[in-house]
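Architecture at a glance
Read off the chains here:
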Amino acid sequence: MNPATVDTPPVIRPLPAALQELAICELNEKPDQIVEYILTLRKWIHNQRHLKARTNDQFLLAFLRGSKYSLERAKQKLDRYYTLKAAIPEVFNAERIVDNPQVLEIIREGIILQIPLPENDTRPCVTIIRAASYDTNKYKFADIIRVGSMFGEMMMIDDDRSTVSGFLEIMDMAGVTGSHLFQLQPDLLRKFSVFADEAMPMRQKGTCFINVPSPFEKGFNTLKGFFPEKMKSRISVCSTHEIIYEHAPREYLPVEYGGTNGTMRDIVDRMEAKLMKYREYFEDEHNYGTDEQYRYVETAYIVDSDFGTDGSFRKLEFD
């Protein structure tokens, strides 16, 4: 995925009709103006000394859709995207490569499952995270988030539903133990939640915890305090699998979740195959980021040292 030059004519992946209508109605998308918006955003990036960002068409389009075509908000979100990545080295580091044995093990164990939906379906993307299905002696919480972040980026580039319809996370807590809760690292959870909310261009529709043992429900409600305010209202604890079927009909789900769409192994195999196509993307990731010595402080968003509590950023104006 090579970067485009300033004047390279954008080539945009067309949307299915129903999804295009949704983008027009909910995101202010004007299909005949997309090229102009991308060229404008790309030119702005090239004029920022402190910012080395990807300028590929679908990448920039994701940020435009995630900002409802406000160029200023898209600029801010792009800046946050790279600034915050540098501020979470536990997740965004050199281990984010497709040949990392640990990355492959986490995928193959089915800890993260991206549910395949038909191309013309306008429902939000659904990801099931089997949060208690990993060995806490083998993996850290940051390891799971790292792999999830890789698939999140792939989704925002490849799956238009994530930026148009949005996405839903279902956290399956079956088998949760005290050791899983101990590993949650509230500070890392807070930081990554800020990144997901403030920097990722995908439309977050919510996070639903299922199969939460009653002794742990109070603890999960306490965890809400570590999420940004906007995300708190999107977090719910459900006592039944039925919530899944509201967002992903049974025919889309694997048999392990009462569906008829193959098995979790089938999903895992597809996810691994997709990851392999992103080898160059992740190997190239170290070439992008921010160089703070060149940042014009009066025209940027500056991340606080600890991400703050009520506000993640000190807001200044973009030119």
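Starting afresh in each chain, residues are numbered from 1 along the sequence in its written order. Note on the predicted model: pLDDT of at least 70 is required for a residue's local features to be given, and 80 or more for side-chain atom pairs to be given and counted; whole-chain, interface and lining totals, by contrast, use all residues. Only heavy atoms go into the side-chain values, all of them from the structure, while hydrogens and water stay out.

**Notes on helix 1 (residues 17-27)**
When we look at burial in helix 1, the residues that qualify are Leu-19, Gln-20, Ala-23 and Leu-27. For helix 1, the angular spread of the buried residues around the axis is 105 degrees, confining them to a single face. Those residues of helix 1 that are exposed and aimed more than 90 degrees away from the buried face are Ala-17, Glu-21 and Cys-25. Should any heavy atoms of two residues lie within 4.5 Å, those residues are considered in contact. Each helix corresponds to a stretch of at least 4 residues labelled H or I by DSSP, and each strand to a stretch of at least 2 residues labelled E; elements are numbered beginning at the N terminus. Residues of helix 1 that are buried sit in contact with helix 3 (57-66) and helix 7 (161-164). Burial classification: accessible surface area is computed with a 1.4 Å probe over protein chains only, and a residue below 20% of its type maximum counts as buried, one above 50% as exposed, and the rest as partly exposed. Here the arc refers to the set of directions running from the helix axis out to each C-beta atom.

**Here's the deal with the packing of aromatic side chains**
Think of it this way: a Phe, Tyr or Trp ring, Trp meaning its six-membered ring, pairs with another when their centres are within 6.5 Å, and the plane angle makes it stacked under 30 degrees, edge-to-face over 60, tilted otherwise. Under the defined criterion, the tally for this structure stands at 12 aromatic pairs. Linked through ring pairs, Phe-59, Phe-63, Tyr-81, Tyr-82, Phe-92, Phe-192 and Phe-195 together constitute an aromatic cluster. In our convention, an over-ring charge means Lys NZ or Arg CZ found within 6 Å of a ring centre and within 35 degrees of that ring's normal. Sitting over the ring of Tyr-281, Arg-54 keeps its end group 3.8 Å from the ring centre.

**Things to note about the confidence of the model for the chain**
Summary statistics for the chain give a mean pLDDT of 85 and a share of 85% for residues scoring 70 or more. Confidence of the predictor in every single residue is expressed as pLDDT, which spans 0 to 100. Segment residues 308-319 is flagged for pLDDT under 50; beyond a separation of four residues in sequence, or across chains, it makes 39 contacts in the model.

**Focus on the pattern of salt bridges**
Every case where a carboxyl oxygen of Asp or Glu lies within 4 Å of a side-chain nitrogen of Lys or Arg is listed as a salt bridge. Under the defined criterion, the tally for this structure stands at 24 salt bridges. Close ionic contact of Glu-29 with Arg-65 constitutes a salt bridge, the shortest N to O distance being 2.7 Å. One end of the pair, Glu-29, is in the loop between helix 1 and helix 2 (34-46); the other, Arg-65, is in helix 3, and 36 residues separate them in sequence. Its relative accessible area of 2% is what places Glu-29 among the buried residues. Ionic pairing is found between Arg-265 and Asp-269, a salt bridge with its closest N-O pair at 3.9 Å. Taken together, the residues span about one helical turn, with Arg-265 and Asp-269 both in helix 13 (residues 264-276) at a distance of 4 residues. Given the relative accessible area of 41%, Arg-265 is considered partly exposed. A relative accessible area of 42% means that Asp-269 is categorised as partly exposed. Shared partners join several salt bridges into a network, and the residues in it are Arg-54, Lys-85, Arg-96, Glu-153 and Glu-285.

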